[in-house]
Protein chains: 2
Amino acid sequence: MRPSYKSIITALKRHGHKLTLQRRAVIDVITSSQDHLTPAAMFEKVRQDHPGIGLVTVYRTLKLLTELNLICELRTADNCPSYTAGTSEHHHHLVCSGCGKVVDFASPRLIERDVAKLEGKLSRENGFRIDEHLLEFTGLCELCQKAQASSV
Amino acid sequence: MRPSYKSIITALKRHGHKLTLQRRAVIDVITSSQDHLTPAAMFEKVRQDHPGIGLVTVYRTLKLLTELNLICELRTADNCPSYTAGTSEHHHHLVCSGCGKVVDFASPRLIERDVAKLEGKLSRENGFRIDEHLLEFTGLCELCQKAQASSV
DNA sequence: GTCTAAATGAAAAATATTATCATTTACACT
DNA sequence: AGTGTAAATGATAATATTTTTCATTTAGAC
Ligand SMILES: [Mn+2]
Ligand SMILES: [Mn+2]
Ligand SMILES: [Zn+2]
Ligand SMILES: [Zn+2]
């Protein structure tokens, strides 16, 4: 379930953080978009309604929201990190290596079960305490496939 | 199976690339170490035997070897990319978020089969052509767990 | 309204990576 | 062995992203 503007604000307050205009602006942008946005893209959107905001503040806000687990941080190979309000629930990513498009998906219970089992085995064998896992698919979205086909 | 210095050299030659002293030096370092090394760490090691080499050359060599699939490139959230000669075969990573230690593992056939099935489903549902997948576990290695325990 | 710690923004610094380009060099061919 | 040439190198600068510093502002407790 996508956390709403309101639920994020409430959580921030609950954790004793101040509700500044700048934070509200960033949260507004991130909850209003379906896409994963980079800090720079976020900054561009925010400054439309709120010129004078600093890029630094966007970085700081994203860091804070990530630490509080209120937004989803995605780091793929090529692109710089991006963020969505899209569900803090456990999910995974399908990423287009052409345009950076991201599709969130919940992996089937079957896989999660197998992964958990593997996690146990790896933990035992290597003495690790395992905190999380990440399953990511990379490929080309429909548009990028077409673009590639027509360019060849 | 870990590609040896020699096998990498042979592959480079086969692809028509020149065998410069600098490339040999980088390949020597990467095949002599078990660990995932960052470009910077690689540079430090290489310049011991080969002062005068440029960091740029290390970057270029790593890029080349990665493109030819002769080494394994790993990109995790916090650290910058790192590389090993460790097997170009399909495998996954267990990463310590404390010290960056990396354990390579081959995932069980069971998981690979399920993942392939999921790949098909996601591909159909989203119109993606999926090229690869990545399964990564993050946690704390034995030492970092101890360090954490004693610091609390 | 006052006070104070937290938050902001401007600027600079730190990091990581890539581009430019003159110089060097591996190696294919004599 | 010597020559020519395209590929590779390294110095330098440029780019991109993120973090630090610090003086100023401000949210929210009282
Ligand atoms: Mn999962
Ligand atoms: Mn796999
Ligand atoms: Zn795409
Ligand atoms: Zn560790």
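Keep in mind that what you see is a predicted model, and the values were worked out from it rather than measured.

So, about the coordination of the zinc ion (ligand 4). A metal bound by six donors in octahedral fashion has ideal angles of 90 or 180 degrees, whereas one bound by four tetrahedral donors has an ideal angle of 109.5 degrees. All names here are of chain B. Coordination of the zinc ion (ligand 4) by the protein comes from Cys96 (SG), Cys99 (SG), Cys141 (SG) and Cys144 (SG), over a distance range of 2.2 to 2.4 Å. Each of the 4 donor atoms around the zinc ion (ligand 4) contributes to a set of angles spanning 103 to 114°, which defines the coordination as tetrahedral. Read N to C, the donor residues that coordinate the zinc ion (ligand 4) are spaced as C-x2-C-x41-C-x2-C. For the pair Cys141 and Cys144, one class covers both residues: buried.

Attention now moves to the protein's contact with DNA strand C. Taken together, 16 residues are adjacent to DNA strand C, and Thr20(A), Thr57(A), Arg60(A), Leu19(B) and Tyr59(B) come closest. Take the atoms of DNA strand C that sit within 4 Å of the protein: sugar and phosphate atoms are 71% of them. For DNA strand C, a sugar or linking oxygen lies 2.8 Å from a polar atom in the side chain of Gln22(A). Within the side chain of Thr57(A), a nitrogen or oxygen atom sits 2.4 Å from a phosphate oxygen of DNA strand C. Secondary-structure elements contributing two or more residues to the surface near DNA strand C are α2 (21–32) and α4 (55–67) of chain A together with α4 (55–67) of chain B. In the surface near DNA strand C, the residues fall into 6 nonpolar, 6 polar and 4 charged.

DNA strand D sits among 16 residues. The nearest are Leu19(A), Tyr59(A), Thr20(B), Thr57(B) and Arg60(B). Considering the 4 Å shell around the protein, atoms of DNA strand D inside it are sugar or phosphate in 70% of instances. In the model, a base nitrogen of DNA strand D is placed 3.1 Å from a nitrogen or oxygen of the Lys18(A) side chain. Between DNA strand D and Arg60(B), the relevant distance is 2.5 Å, taken from a base nitrogen to a side-chain nitrogen or oxygen of the residue.

Note: strand β3 (residues 92–96) of chain A against strand β5 (residues 129–140) of chain A, 4 bridges, orientation parallel. Its bridge partner being in β5(A), Cys96(A) is matched across the sheet by Gly139(A). Where β5(A) and strand β5 (residues 129–140) of chain B come together, 11 bridges link them in antiparallel fashion. For Arg129(A), the partnering residue across the bridge sits in β5(B) and is Leu140(B).

Cut-off values and rules
Residues numbered from 1 in each chain as written. Chains lettered and ligands numbered in written order. Predicted model: local features only at pLDDT ≥ 70, side-chain atom pairs only at ≥ 80, totals over all residues. Heavy atoms only, no water. Donors = N, O, S within 2.8 Å, 3.2 Å for Na, K, Ca; no water. Tetrahedral: all angles 85-135°; square planar, octahedral: opposite > 155°, others 65-115°. Buried < 20%, exposed > 50% of the residue type's maximum accessible area, 1.4 Å probe, protein only. Near = heavy atom within 4 Å. Polar contact = N/O pair within 3.5 Å; in protein donor to acceptor, adjacent residues only side chain to side chain. Helix = DSSP H or I, 4+ residues; strand = E, 2+ residues; numbered from the N terminus. Nonpolar A, V, L, I, M, F, W, Y, C, P; charged D, E, K, R; others polar. Pairing = 2+ DSSP bridges.

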